[in-house]
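Residue-level listing of the chains:
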Amino acid sequence: MILVTGGAGYIGSHTVVELLQSGHELLVIDNLCNGSAESLRRVAEITGKEVAFQEGDIRDADFLREIFRNNAIDTVLHFAGLRVIGESIRVPLRYYENNVVGTLTLCQVMAEFDVKKIVFSSSAAVYGDPASVPIREDAQVGGTTNPYGTSKYMVERMLEDICLSDPKWSAMVLRYFNPVGAHSSGKIGEDPNDIPNNLLPYIAQVAIGKLPKLSVFGSDYDTVDGTGVRDYIHVVDLARGHLAALDCLANTQGAGFEAINLGTGNGYSVLEMVRAFEAASGRDVPFQIVDRRPGDIAKCYADPRTAMERLSWRAEHNLEDMMRDTWKWQSQNPWGYR
Ligand code: NAD
Ligand code: WQD
């Protein structure tokens, strides 16, 4: 059985759909600080299968012990974490506590129960401001530009050291680039609690009229049109990347530490994203150019070849698919899960 931490969140819920549809047995744990039980109810609607769920916190060792004692878990897909970069700059301790101490506690309890396979949600943020693009996994990590990215880097290092110390461990670290989009049913998607921080949810809320206009953070970067370039990846592709990672781990014992990029290899600018969303939605997305956002970088996109070589996985959805599915989710659920 697979334990899915943070499975009631955006990427976790999409992964649970793919897992259930391919016949995996799983249990979701989530403290619902940013996820919702409603997302899991909708996962059940999409898949026609019940989702086993226990509410609780990965920092709570006793809760985790109960989970491991009562379920035959062999692998952990570890999504649970906080992920708002601006907040991590304002309250770094909250990020180190939740993301680093939380993962540490999880690994301690896993070791107690001799469960030593973990797939971890890392981020392109570990590369900081990359020396060149596309970014390969052997590029320098750790020069992070915010505490969120640093928390991901610290967990990566911790997992690497655990694997070095004990040959029974396998830690597959998946470095996501910029996840966007939603399930093609329009039933589940990204549901920001507040004003969105990320580009595509912001654009979607402007298009539907919840926000007046997009602020484009800087137009003087060294990019195709001066706006920031990122590697946007459809969340369903990302979810399937986790199934590929599980397949890869299934036949091994003690594979050690490995980090793999999950991206498309394509970079799109902010203005290209605006135009593509307007085309997919038929709505206008008014915007204004404002100052750069502190900590932002010019360009970030993956070299995705390792994922192909190691996991036989590649992203299959294109930009149009990402925009169409984001708009379907946004227009069918203007208030998210509420
Ligand atoms: P999300 O907030 O939608 O999902 C995270 C889930 O974890 C939420 O449901 C939340 O309630 C839960 N959670 C948080 N802290 C917890 C704790 N201490 N105990 C139990 N549950 C807890 O975010 P997401 O976008 O689905 O991200 C999933 C993972 O992927 C995170 O680790 C995130 O850092 C990482 N990631 C996300 C992105 C992105 O842009 N969305 C990019 C790279 C990496
Ligand atoms: C994308 C582009 C902005 C909002 C971070 C993490 C990454 C992943 C996603 C978690 C940039 C521009 C944005 C807006 C804008 N998350 N923008 N106006 O910063 O690339 O990536 O979140 O792990 O790892 O590093 O994502 O969506 O915030 O920004 O112009 O209102 O859109 O400047 O060029 P980012 P983003």
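Residues numbered from 1 in each chain as written. Chains lettered and ligands numbered in written order. Predicted model: local features only at pLDDT ≥ 70, side-chain atom pairs only at ≥ 80, totals over all residues. Heavy atoms only, no water.

- Where an unreviewed UniProt entry is consulted, the protein chain appears under the name UDP-glucose 4-epimerase, with the organism given as Pseudidiomarina halophila.
- Word for word, the UniProt comment on the protein chain under Pathway (unreviewed entry) is "Carbohydrate metabolism; galactose metabolism."
- Regarding the protein chain, the UniProt comment filed under Cofactor (unreviewed entry) reads as follows: "NAD(+)". (UniProt positions renumbered as here; feature names shortened; annotations may be inferred.)

## A look at the environment of His234
No. 1: Relative to the elements of secondary structure, His234 occurs in strand 10 (residues 232-234).
No. 2: Judged by relative accessible area, His234 falls into the buried class, the value being 1%.
No. 3: Linking His234 and Gly23, residues 211 residues apart in sequence, is a C-alpha distance of 22 Å.
No. 4: Beyond its immediate chain neighbours, meaning those up to four positions away, His234 contacts Val180, Ala182, His317, Asp321, Met322 and Asp325.
No. 5: Of the polar contacts made by the side chain of His234, one reaches the backbone oxygen of Ala182; its length is 3.5 Å. (Helix = DSSP H or I, 4+ residues; strand = E, 2+ residues; numbered from the N terminus. Buried < 20%, exposed > 50% of the residue type's maximum accessible area, 1.4 Å probe, protein only. Contact = heavy atoms within 4.5 Å. Polar contact = N/O pair within 3.5 Å; in protein donor to acceptor, adjacent residues only side chain to side chain.)

## As for helix 2 (residues 37-47)
Working note: α-helix, 3.6 residues per turn, so residues spaced by three or four point in the same direction.
No. 1: By the burial criterion, the buried members of helix 2 are Ser39, Leu40, Arg42, Val43, Ala44, Ile46 and Thr47.
No. 2: Elements in contact with the buried residues of helix 2: helix 1 (10-21), strand 2 (26-30), strand 3 (53-55) and helix 11 (319-332).
No. 3: In the segment just after helix 2, Gly48 is the residue with positive phi, at about 70°.

## Digging into the site of ligand 1
No. 1: If you check the shell around ligand 1, you find 28 residues, and the closest are Ile11, Asp30, Asn34, Arg83 and Tyr148.
No. 2: If ligand 1 stood free it would expose 820 Å²; the protein chains cover 96% of that surface.
No. 3: Within the residue set of the shell around ligand 1, elements represented by two or more residues are helix 1, strand 5 (117-123) and helix 6 (147-165).
No. 4: When the residues that make up the shell around ligand 1 are grouped by side-chain class, the tally is 12 nonpolar, 11 polar and five charged. (Near = heavy atom within 4 Å. Areas by Shrake-Rupley, 256 points an atom, 1.4 Å probe, with all protein chains shown as cover. Nonpolar A, V, L, I, M, F, W, Y, C, P; charged D, E, K, R; others polar.)

## Notes on the site of ligand 2
No. 1: Taken together, the neighbourhood of ligand 2 is formed by 18 residues, with Ser123, Tyr148, Ser215, Arg230 and Asp296 sitting nearest.
No. 2: A distance of 3.4 Å separates an oxygen atom of ligand 2 from a polar backbone atom of Asn197.
No. 3: Look at ligand 2: alone it shows 680 Å² of surface, and the protein chains cover 89% of it.
No. 4: No other element matches strand 8 (residues 214-217), which puts four residues into the shell around ligand 2.
No. 5: For the shell around ligand 2, the per-class residue count stands at nine nonpolar, six polar and three charged.

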